[in-house]
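Architecture at a glance
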Amino acid sequence: MKRFRLFITLLSLLTLFTGCHSLIEDTFPARQRIPVLNSVLSPDSLIRVHLSLSAALNDSLPLFIENADVEIHSTEGWTEKLVHTDNGYYTSIRTSKINETYTCQAKIEGFPLVTASTTIPPFTDFENIIFIPTASKDEDGRDIAAVHFSIVNHTDKQHFWEVRMLREGLVYDWDSKSELLKIREADINMLAGNDPVLQNEALPLTVFSNKKMVGNSYEVVFYTPGWALGSYTDGKLTINESDNFYIELRSADESFYYYQKQAYLYKTSGGTGFGSATQSYALYSNVKNGLGIFTSFSPVRKKIELKNK
């Protein structure tokens, strides 16, 4: 009798879940596919654009668009039809230049003309780099390091930046079963504190603008946990001096700034799928008649000399 009741219970649950699945499929019909255009340009790099169609709920991978007519129009005075290479990538024979605006046009059968533009921003130099190995402590009493540096600001123009810290060293590669030299992004964090510039910014604070800057220079401060630089010994930071560390300052297009801010909200809210938070956010896009991002940044990278005392 007990086994029969258990069987009936399991059968009821199975019927319930099957009914829910059918309800979801009936209530949420397949979305109309939309062209997705993605490209991030940087100075002196080949222009490359990726085209696909937005994925449906049951798609494991997006559908690549391999038969589009893709053109780049430049304020340098040229227009080029890009060549499809593989998996939806279209490549130019030209490289992008700072202070130039590039407009991408994609003619895709069955869809309106897809367009997007970006302007390559000029480089922003930085100097006066100061490394502080013990700037604070974490909740376990371990050292948190800090890096200070200053950037040039032009108050008559809008500027957008992203700060990154990179670590170059040997990493074990499971595929080749050997150690390979790789560059990895290190975890960093910026705090608003009493800084009116960062107080005016939404997360992530490592992406910021000069909207509230009043002078011709600005001091950037970021913090990094010790394990991103080396290891701990009794809570004290020991830097791995065999690795190289770099600061990378990206001077970014406005579209890059808004995309990064919105992407943070999108990720923290769980995107727009089922099981996400009650409040969801769509990704920022500057693509007309489509989705995706066509943007640019100009990076400056400098090595930091980190030494154990």
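Everything here concerns the structure above.
Values in this document were obtained by computation on a predicted structure and should not be read as measured data. (Residues numbered from 1 in each chain as written. Predicted model: local features only at pLDDT ≥ 70, side-chain atom pairs only at ≥ 80, totals over all residues. Heavy atoms only, no water.)

So, about the pattern of salt bridges. Opposite charge on two side chains allows them to pair when their charged atoms are near. Per the stated rule, a full pass over the model turns up 16 salt bridges. With a closest N to O distance of 3.4 Å, Glu80 and Arg94 form a salt bridge. In this pair, Glu80 is assigned in strand S5 (residues 79–81) and Arg94 in strand S7 (residues 89–95), connecting sequence segments 14 residues apart. Lys302 serves as the salt-bridge partner of Asp125, at 2.9 Å between the closest nitrogen and oxygen. (Salt bridge = Lys/Arg side-chain N within 4 Å of Asp/Glu carboxyl O. Helix = DSSP H or I, 4+ residues; strand = E, 2+ residues; numbered from the N terminus.)

As a further point, take the layout of surface pockets. In this model, the second largest pocket occupies a volume close to 400 Å³. Around the second largest pocket sit 19 residues that line it, and Glu162, Ile188, Pro204, Thr206 and Tyr264 are the ones nearest its centre. Elements supplying a minimum of two residues to the lining of the second largest pocket: strand S12 (160–173), strand S13 (178–186) and helix H3 (254–268). Of the residues in the lining of the second largest pocket, the class split is 10 nonpolar, four polar and five charged. (1 Å grid on protein atoms, 1.4 Å probe; cavity = no way out; pocket = protein on both sides within 12 Å on 5 of 7 lines; lining within 4 Å. Points joined across faces, edges and corners; volume = space filled by probe spheres on them. Nonpolar A, V, L, I, M, F, W, Y, C, P; charged D, E, K, R; others polar.)

The next subject is the sheet that holds strand S4 (residues 69–74). Taken together, the four strands give an open sheet; going across it, the order is S5-S4-S8-S9, and neighbouring strands pair in antiparallel fashion. Only two strands of the sheet have a single neighbouring strand rather than two, namely S5 and strand S9 (114–119). Each neighbouring strand pair of the sheet contributes to a mean axis angle of 15 degrees, computed without reference to strand direction. Here S4 pairs with S5 via three bridges, running antiparallel. In the strand pairing of S5, His73 is matched with Thr79. (Pairing = 2+ DSSP bridges. Axes fitted to C-alpha atoms, helices over the stretch in contact; angles between N-to-C directions.)

Further remarks concern the sheet that holds strand S10 (residues 126–137). Spatial strand order, S10-S11-S15: three strands in an open sheet with antiparallel pairing. The sheet is open, and its two edges are formed by S10 and strand S15 (217–225), each paired on a single side. The mean inter-strand angle of the sheet, taken between neighbouring strand axes irrespective of direction, is 20 degrees. As judged from the seven bridges shared by S10 and strand S11 (residues 143–152), these two strands associate in the antiparallel manner. Residue Lys137 lies in a different strand from S11, and its bridge partner there is Asp143.

Of all hydrophobic cores here, the largest spans 30 residues; its most connected members are Phe149, Ile151, Met165, Phe208 and Phe222. Elements with a contribution of two residues or more to this core: S10, S11, S12, helix H2 (196–199), S15, strand S17 (236–239), strand S18 (244–252) and strand S19 (291–304). Considering every element that reaches this core, the biggest residue donor is S11, with four residues. Non-local contacts of Ile151, meaning those with residues more than four positions away in its chain, are made with Thr124, Asp125, Phe126, Trp161, Phe208, Met213, Asn216, Ser217, Tyr218, Val220 and Leu249. If you look at the next biggest cluster of nonpolar residues, it comprises 22 residues, including Leu53, Val70, Ala106 and Ile120. (Core = buried A, V, L, I, M, F, W, Y, C linked by side-chain atoms within 4.5 Å. Buried < 20%, exposed > 50% of the residue type's maximum accessible area, 1.4 Å probe, protein only. Contact = heavy atoms within 4.5 Å.)

If you check H3, its first and last C-alpha atoms are 22 Å apart, about what 15 residues at 1.5 Å a residue would give, namely 21 Å. When we look at burial in H3, the residues that qualify are Ser255, Phe256, Tyr257, Lys261 and Ala263. Looking at the buried positions of H3, the neighbouring elements they touch are S9, S12, strand S14 (207–209), S18 and S19. (Expected span 1.5 Å × (residues − 1).)

Here the structure, examined in full by the defined rule, presents 10 aromatic pairs. Look at Phe160 and Tyr257: their rings are 4.8 Å apart centre to centre, the planes differ by 45 degrees, and that puts the pair in the tilted class. Of this pair, Phe160 sits in strand S12 while Tyr257 sits in helix H3, and the two are 97 residues apart along the sequence. Residue Phe160 shares its accessibility class with Tyr257, and that shared class is buried. A ring pair is formed by Tyr258 and Tyr284, whose centres lie 6.0 Å apart and whose planes are at 35 degrees; its orientation type is tilted. You can see Tyr258 sitting in helix H3 and its partner Tyr284 sitting in the loop between H3 and S19, a full 26 residues away along the chain. Looking at Tyr284, the relative accessible area reads 28%, which means it is partly exposed. An aromatic cluster is present here, built from Phe160, Tyr257, Tyr258 and Tyr284 joined pairwise through their rings. (Phe/Tyr/Trp six-rings, centres within 6.5 Å; stacked < 30°, edge-to-face > 60°.)

It is worth stressing that arrangement in space is one thing and function is another; only the former is reported here.
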